Every structure is written in C-alpha cells, then in structure tokens.
Amino acid sequence: MTTPQLHSSKGLRRRSGTSRRQLLRHLSMLCAAASMTALPSTLHAAIGDADLTARTAMQWARIRRTLGPKVIAGCGNVADKLARRMPALLKGPDWQNQTIKAIAKELKAADLLPVDSPRLDPACANEADRLRSQAQNNRPSANSVAASITAAAAAVSAIPVTGPIIAAILVLIAAIVILIAQIIATEREEESAGKEKRASSNDAKTDKEADDRLRQLKSDVVAEMESHPDCEFSTKRKP
C-alpha cells in the first residue's frame with residue numbers, strides 16, 4: 001500500500017504566500033469593480049444636472065421672448081420678494097401647490113397677470129383648452145404643475161380661467177421659479193465662498209430639503225413649458 005506523501009512546511013509556506021497574493025489581488029479587483037459600479041450613478045447625477053441646466057436655458061430664452069424686458073423686470077422683483085419665503089413655502093406635504101399659489105398672489109399684487117387672451121390659431125387654441133380641461137380634471141398634486149397653476153389662477157385671478165390664460169400664467173410662474181432658483185444658487189455660492197457656517201445641523205438639513213424641492217419644482221415647470229408651443233402664450237396685458 002502506498003503511503004500518502006505529506007507536504008513539507010516549506011511547501012505549505014510557499015502556497016500560503018501565493019494564497020495571500022491571490023487574496024490581495026482579488027480584493028483589489030473587487031474594489032475596482034465596486035468603484036466602476038458606483039461611477040454610473042455619479043455620472044447620471046452630473047448629467048441630470050447638466051441636462052436640466054440646458055433645458056432651463058432654452059425655456060428661459062422662450063420666456064424672455066414671450067414676456068419682454070418690462071415684465072421680466074417685474075418678475076425679478078417678485079422673485080426677490082419670494083426668495084426669502086421659500087424655506088417656509090417649501091415645507092409640508094402640499095409644498096408645490098402652496099408655492100405656486102403664493103407666486104400667483106404676488107403676480108397679482110404686482111399687476112403682472114394677463115388680462116385677456118387674443119384669438120388663437122385653432123390648433124393652438126385646442127391645445128391650450130386641452131391643458132385647461134386636463135388640469136381641471138386632475139386634483140392639484142406634487143406631480144401636476146398644470147393643475148396647481150389652474151387652482152392658483154382660479155383662486156387669485158378675476159379673469160376667466162381659459163386654456164390660453166393658464167398657458168400665459170404658466171410662463172410667468174416658470175419665470176419666477178427660475179429666477180428664485182438663480183437667486184438662491186447665488187446666495188449658496190456666496191456663503192460657500194465666505195465659508196459661513198450654518199447655525200446648526202438642522203438648519204443645513206432644512207436648506208438641503210428646500211433646495212431639492214425647489215430643483216424639483218423648476219424641473220416640473222420646465223417640463224410643462226416644453227409641452228406647449230409658443231403660440232399658446234400670447235396674451236393681452238395692461239398698457
């Protein structure tokens with residue numbers, strides 16, 4: 001009978017060293033794989049921000065063409081006034097509706113709401129009326145900018161809440177939201193440059209939540225703007 005050969009301790013040490021090197025190599029590969037797995041989400045976040053910035057710029061150009069310098073200046077004043085109130089407006093489960101309603105109220109106080117809508121091209125008028133009917137059939141929610149704008153317009157405006165009027169108010173609200181986001185972003189940059197510290201971690205958490213919700217609102221109004229042609233935004237204003 002053949003007696004099994006036992007490995008020497010030298011052989012064991014050699015294989016043990018090889019095993020350690022293999023283990024280290026495997027760990028390195030796992031770390032690299034984990035890094036690569038995490039990379040796409042980071043890229044998607046960055047690309048998402050860049051995409052929203054580009055889309056916002058395109059809609060801002062449409063807003064400027066539609067509203068003109070005088071109304072844009074009035075929107076700037078409203079945005080300055082509302083920017084200080086945004087942390088409070090962006091709280092609670094109904095934050096989007098209450099923010100849009102507050103914007104509509106300030107637009108009315110600044111005498112910036114449209115007073116009438118000219119006769120539109122039939123195709124454009126049909127699309128605008130579709131906007132009104134869809135908004136009125138949907139209860140205002142965090143995912144329904146059009147419904148929130150319809151509700152706000154009905155609450156603060158004496159003018160008939162027609163499809164074209166809702167589209168016209170959408171342009172104004174989009175302008176205010178974009179301007180507020182710019183104001184707050186500039187404030188954040190100045191704070192960062194001055195290395196100012198938050199009063200507490202709770203304040204920082206509140207700021208983050210408000211910033212996230214404002215970004216979501218901007219994304220929503222930009223998406224709503226993208227779904228409408230320029231001809232829907234024609235309005236008559238006070239001389």
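Residues numbered from 1 in each chain as written. Predicted model: local features only at pLDDT ≥ 70, side-chain atom pairs only at ≥ 80, totals over all residues. Heavy atoms only, no water.

Per the secondary structure count, the protein chain includes seven helices and zero strands. Looking at the protein chain alone, contacts between residues at least 24 apart form 79% of all its contacts between residues at least 6 apart. For the protein chain, the accessible area works out to roughly 14,600 Å², and carbon and sulfur atoms hold 56% of it. (Helix = DSSP H or I, 4+ residues; strand = E, 2+ residues; numbered from the N terminus. Contact = heavy atoms within 4.5 Å. Areas by Shrake-Rupley, 256 points an atom, 1.4 Å probe, with all protein chains shown as cover.)

Let us now look at the packing of helix H3 (residues 95–109) against helix H5 (residues 145–156). Here H3 crosses H5 at 45 degrees, and the two axes come no closer than 9 Å. Between H3 and H5, the crossing angle belongs to the class labelled oblique. Here H3 runs over H5; the crossing is right-handed. Of H5, the residues touching H3 (which contributes Gln96, Asn97, Ile100, Lys101, Ala104, Lys105 and Lys108) are Val145, Ser148, Ile149, Ala152, Ala155 and Val156. A class-by-class count of the residues in the contact of H3 with H5 yields seven nonpolar, three polar and three charged. (Axes fitted to C-alpha atoms, helices over the stretch in contact; angles between N-to-C directions. Parallel < 35°, antiparallel > 145°, perpendicular 65-115°, else oblique. Left-handed = near helix turned anticlockwise from the far one by under 90°. Nonpolar A, V, L, I, M, F, W, Y, C, P; charged D, E, K, R; others polar.)

Now for the confidence of the model for the protein chain. Averaged over every residue, the pLDDT of the protein chain is 74; the share at 70 or more is 61%. When pLDDT is averaged over each element of the protein chain, helix H2 (residues 86–89) comes out on top at 94 and helix H4 (residues 122–137) at the bottom at 65. Counted against residues more than four places away or in other chains, residues 30–47, with its pLDDT under 50, gives zero contacts. (pLDDT = per-residue confidence, 0-100.)

Attention now goes to the nonpolar core. Counting 49 residues, the largest nonpolar core has Ile63, Leu67 and Cys75 as the members making the most contacts within it. When residues of this core are traced back to their parent elements, those giving at least two are helix H1 (9–83), H2, H3, H5, helix H6 (163–193) and helix H7 (201–226). Among the elements that line this core, the one with the most residues is H6, at 17 residues. Not counting residues within four places of it along the chain, the set of residues in contact with Cys75 comprises Leu67, Leu112, Leu172, Ala175, Ile176 and Leu179. (Core = buried A, V, L, I, M, F, W, Y, C linked by side-chain atoms within 4.5 Å. Buried < 20%, exposed > 50% of the residue type's maximum accessible area, 1.4 Å probe, protein only.)

Mapped onto the fold, Glu106 is located in helix H3. Judged by relative accessible area, Glu106 falls into the buried class, the value being 13%. Among the polar contacts listed, one links the side chain of Glu106 to the side chain of Arg85, at a separation of 3.3 Å. Not counting chain neighbours up to four residues away, the residues in contact with Glu106 comprise Val78, Lys81, Leu82 and Arg85. (Polar contact = N/O pair within 3.5 Å; in protein donor to acceptor, adjacent residues only side chain to side chain.)

Our next topic: the pattern of salt bridges. Under the counting rule described, the total for this entry stands at eleven salt bridges. A salt bridge links Asp230 to Arg62; the nearest nitrogen and oxygen atoms lie 2.7 Å apart. You can see Asp230 sitting in the segment after H7 and its partner Arg62 sitting in helix H1, a full 168 residues away along the chain. For Asp230, a relative accessible area of 39% gives the class partly exposed. Arg62 gets classed as buried once you look at its relative accessible area, which sits at 10%. Its salt-bridge partner being Asp207, residue Arg188 comes within 3.9 Å of it at the nearest N-O pair. With a gap of 19 residues between them, Arg188 in helix H6 and Asp207 in helix H7 connect regions that are remote in the sequence. By relative accessible area, Asp207 is classed as buried at 17%. Salt bridges sharing partners connect three or more residues here, namely Asp51, Arg55 and Glu226. (Salt bridge = Lys/Arg side-chain N within 4 Å of Asp/Glu carboxyl O.)

Inspection of the secondary structure assignment puts Trp95 in helix H3. Once the C-alpha coordinates of Trp95 and Leu214 are considered, the two residues, 119 residues apart in sequence, prove to be 9.8 Å apart. Other than its neighbours up to four places away in sequence, Trp95 contacts Leu89, Leu90, Arg213, Gln216 and Leu217.

Okay, the environment of Leu107 next. Here Leu107 is to be found in helix H3. The class for Leu107 is buried, based on a relative accessible area of 0%. Taking the C-alpha atoms as reference, Leu107 lies 8.5 Å from Ile173; in sequence the two are 66 residues apart. If sequence neighbours within four positions are ignored, Leu107 has contacts with Leu112, Leu113, Leu172, Ile173 and Ile176.

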